[in-house]
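Inside the fold
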Amino acid sequence: MTDRHVHIVGAGLAGLSAALQLSLSGEKVIVYEAAPFAGGRCRSFLDRELGCRIDNGNHLVLSGNVAVRDYLYLTNATETMAGPGSPVFPFYDITDGAQWIIRMNRGSFPWWIFDKKRRIPGTTLAQYLSVLRILLARRNDTTKGLASNKNILYSRFWEPLIIGALNTEPDIASAKLLRNVLSQSFGAGGNACVPLIPKLGLSETFVAPCLNVLRQNGVEMKYYHRLRSMLWEGDCVRELAFNNGKVELNPNDWVILALPAWFMRELLPEVPAPTDFRSILNTHFRLDEMPVSNGFTGIVSGYSEWLFVRDNIASVTISCAERFKKIPSRDMAAFVWAEIATVLDLDPKKIPPHRIFLEKYATLAATPQQDAQRSSAYTGWKNISLAGEWTATGLPSTIEGALRSGVKAAQVALRWK
Ligand SMILES: Cc1cc2nc3c(=O)[nH]c(=O)nc-3n(C[C@H](O)[C@H](O)[C@H](O)COP(=O)(O)OP(=O)(O)OC[C@H]3O[C@@H](n4cnc5c(N)ncnc54)[C@H](O)[C@@H]3O)c2cc1C
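All values derive from a computational prediction rather than experimental measurement.

Calculation criteria
Residues numbered from 1 in each chain as written. Predicted model: local features only at pLDDT ≥ 70, side-chain atom pairs only at ≥ 80, totals over all residues. Heavy atoms only, no water. Near = heavy atom within 4 Å. Polar contact = N/O pair within 3.5 Å; in protein donor to acceptor, adjacent residues only side chain to side chain. Areas by Shrake-Rupley, 256 points an atom, 1.4 Å probe, with all protein chains shown as cover. Helix = DSSP H or I, 4+ residues; strand = E, 2+ residues; numbered from the N terminus. Domains from an automatic or database assignment. Contact = heavy atoms within 4.5 Å. Buried area = accessible area lost by both parts, 1.4 Å probe. Salt bridge = Lys/Arg side-chain N within 4 Å of Asp/Glu carboxyl O. Buried < 20%, exposed > 50% of the residue type's maximum accessible area, 1.4 Å probe, protein only. Pairing = 2+ DSSP bridges. Core = buried A, V, L, I, M, F, W, Y, C linked by side-chain atoms within 4.5 Å. Patch = residues over 30% accessible without salt bridge, like charges linked within 9 Å, V, L, I, M, F, W, Y side chains within 5 Å. Expected span 1.5 Å × (residues − 1). Axes fitted to C-alpha atoms, helices over the stretch in contact; angles between N-to-C directions. Parallel < 35°, antiparallel > 145°, perpendicular 65-115°, else oblique. Left-handed = near helix turned anticlockwise from the far one by under 90°.

Attention now goes to the site of the ligand. In the vicinity of the ligand there are 33 residues, among which E33, R41, H59, L60 and I399 approach most closely. Here an oxygen atom of the ligand and a backbone polar atom of L13 are 3.1 Å apart. Contacts to the ligand include A34, whose backbone N or O atom sits 3.2 Å from a nitrogen atom. Burial of the ligand by the surrounding chains reaches 91%, relative to a free accessible area of 1,000 Å².

Next up, the structure:
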């Protein structure tokens, strides 16, 4: 019998995570990627207009993201992350200039909620009982119940959390997915909620270190390889047809499809996959003057949601950006700048050079209906497993979900050796 090869299609974080696990287990791995680079929806690039490297969009992970921690450890990239070092989340309310910092206690019981000084300004202890709506949520429940009670806890906590974590309108977002996020973050206590942000860029943390390890482990990376179709023999894939040629598989070879959901629908229509997606808009401003410090701030009651500052780049995230599709980009940049200039104490009328970047299919729409359309890693076919943030990870589209899905697809491949 010839040596087995595992062919991984898609070099986003899900594909890289699968390649990492398999290569560490001694498998011979080939990764095919349509783009000339790896990283997919989580990458950095040189922006010629701004004359510097930027990320496709701000990404935040938490210390409780176990798959992220493992991946960073295995790729020697733990030190490439920075953050405040404790579970703190600064916020700014655009309507009245109120500022506050959520300072969680480290342990799992949320003592901070009982301390008036640590609670979100204007909220009462009783309002926090609304978390029960989420904890008791059933599979088809949405977060609409929270949204219908528009008190200050909603506008200053639930709304930014739901839109930020699920990238979906609170009227239709899945309460179950929110519960899963909460139980692995806030519910696990402050130790699981220390924010982590790449020091230099997404690629420098999540892509380049992994590619180094893959290279050391003999993994072949084939860029400019766009999968078009697959040839089947019964329950087995026998050939992968790319834009630039065919790859014939040996009888014991394995395939991991780590492709986005929208392409999976075209490639294998019989595989259940989400059909509804949400965009994320990021506006990156190149500042003349260096702000006081790097970090992030949650912004409420404006267009801007999260402001990330890294050296002289201030980047603003707007999730679920289809809500604002009627606003021309130039106006949006001006609105956003006016908001964050106030936060950064800069001139709101003097818009610095900026770049707007829209990721149209940033995440799946995290609704109960879309969540029900996610596939598991194991397909029932003899030599394929699936990865991707859209698979049934139990989480919304996140780095943690993408990495876990890669590990799962690799485990299936190893089990069927
Ligand atoms: C703007 C933005 C902000 C985000 N913020 C956060 C955040 O703060 N925290 C967080 O945890 N997550 C965040 N996410 C989500 C996170 O980035 C994604 O969940 C994750 O990167 C998805 O990885 P993936 O490998 O599943 O998919 P992808 O990254 O889409 O990877 C799929 C790969 O397949 C390739 N491909 C596609 N078609 C073909 C083909 N036919 N043949 C070969 N290759 C193909 C693509 O080029 C791509 O490289 C954000 C996403 C975006 C876009």
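If you trace the backbone, A333 turns up in helix α9 (residues 329–344). Each C-alpha atom, one on A333 and one on V316, is 9.7 Å from the other, the two residues being 17 residues apart in sequence.

The next point concerns the domain arrangement of the chain. Looking at the assigned domains, one finds that the chain contains domain 1 (5–45 + 201–275 + 370–415) and domain 2 (88–193). For domain 1 versus domain 2, the distance between C-alpha centres works out to 34 Å. At the junction of the two partners, domain 1 supplies six residues and domain 2 supplies seven residues. Between domain 1 and domain 2, a total of about 530 Å² is buried, with carbon and sulfur atoms accounting for 55% of that surface. For the domain 1 face of the interface with domain 2, the top three residues by lost area are D371, G394 and P396, together amounting to 68%. Connecting domain 1 to domain 2 are one salt bridge. Note that K176 is salt-bridged to D371, the shortest N-O span being 2.8 Å. Taken together, the links from domain 1 to domain 2 amount to three residue pairs in polar contact (both at pLDDT 80 or more).

The subject of this paragraph is the pairing of strand β7 (residues 88–93). With respect to burial, β7 is a largely interior element, five of its six residues being buried. Relative to strand β8 (residues 99–103), β7 is paired through five bridges, and the arrangement is antiparallel. Within β8, the residue paired with F91 across the bridge is W100. Taken together, β7 and the strand that follows it, β8, pair antiparallel across an intervening segment of five residues, in which G97 is found at a positive phi of about 70°. Note: β7 against strand β16 (residues 295–300), three bridges, orientation parallel.

Moving on, we come to the nonpolar core. Among the nonpolar cores identified, the biggest contains 61 residues, and W158, L240 and L257 are the most heavily contacted of them. No other element matches helix α5 (residues 152–166), which puts seven residues into this core. Apart from the residues within four sequence positions on either side, L257 is in contact with V9, L227, M230, M264, L267, L268, I384, S385, L386 and A387. Counting 42 residues, the second largest nonpolar core, distinct from the first, contains V6, A19, L22 and V219.

A surface patch of nonpolar side chains, amounting to about 440 Å² of accessible area, comprises F109, W111, F114 and L125. With respect to the helices and strands, F114 occurs in the loop between β8 and α3 (131–135). By relative accessible area, which is 48% here, F114 ends up partly exposed.

This part takes up the side chain of S174. One can find S174 in the loop between α5 and α6 (175–184). Apart from residues no more than four positions distant in its own chain, S174 is found in contact with D141, T142, T143, L166, A366, T367 and P368.

To summarise the sheet geometry, strands pair through backbone hydrogen bonds and adopt either a parallel or an antiparallel arrangement. Strand order in the open sheet formed by three strands is β5-β9-β6, and the pairing between neighbours is antiparallel. The open sheet has two free edges, formed respectively by β5 (61–62) and β6 (81–82), since each of these has just one partner strand. With two bridges joining them, β5 and strand β9 (residues 195–198) adopt antiparallel strand pairing. Counted as the bridge partner of V61 is L196 from β9.

We now examine helix α11 (residues 399–415). The end-to-end C-alpha distance of α11 is 24 Å, a good match for the 24 Å that 17 residues give at a rise of 1.5 Å each. Summarising the contacts, the buried residues of α11 are in contact with α1 (13–24), β5, α2 (66–74), α7 (202–216), β14 (254–257) and β20 (384–386).

With respect to the helices, strands and loops of the structure, E400 is situated in helix α11. The residues touching E400, leaving out its near neighbours within four places in the chain, are N65, V66, A67, V68 and L395.

Turning our attention to the packing of α2 against α11. At a minimum axis distance of 8 Å, the contact between α2 and α11 shows a crossing angle of 65°. Comparing their axes, α11 and α2 come out roughly perpendicular. Crossing geometry of α2 relative to α11 is assigned as left-handed. Contact residues: V66, A67, V68 and Y71 in α2; I399, E400, L403 and R404 in α11.

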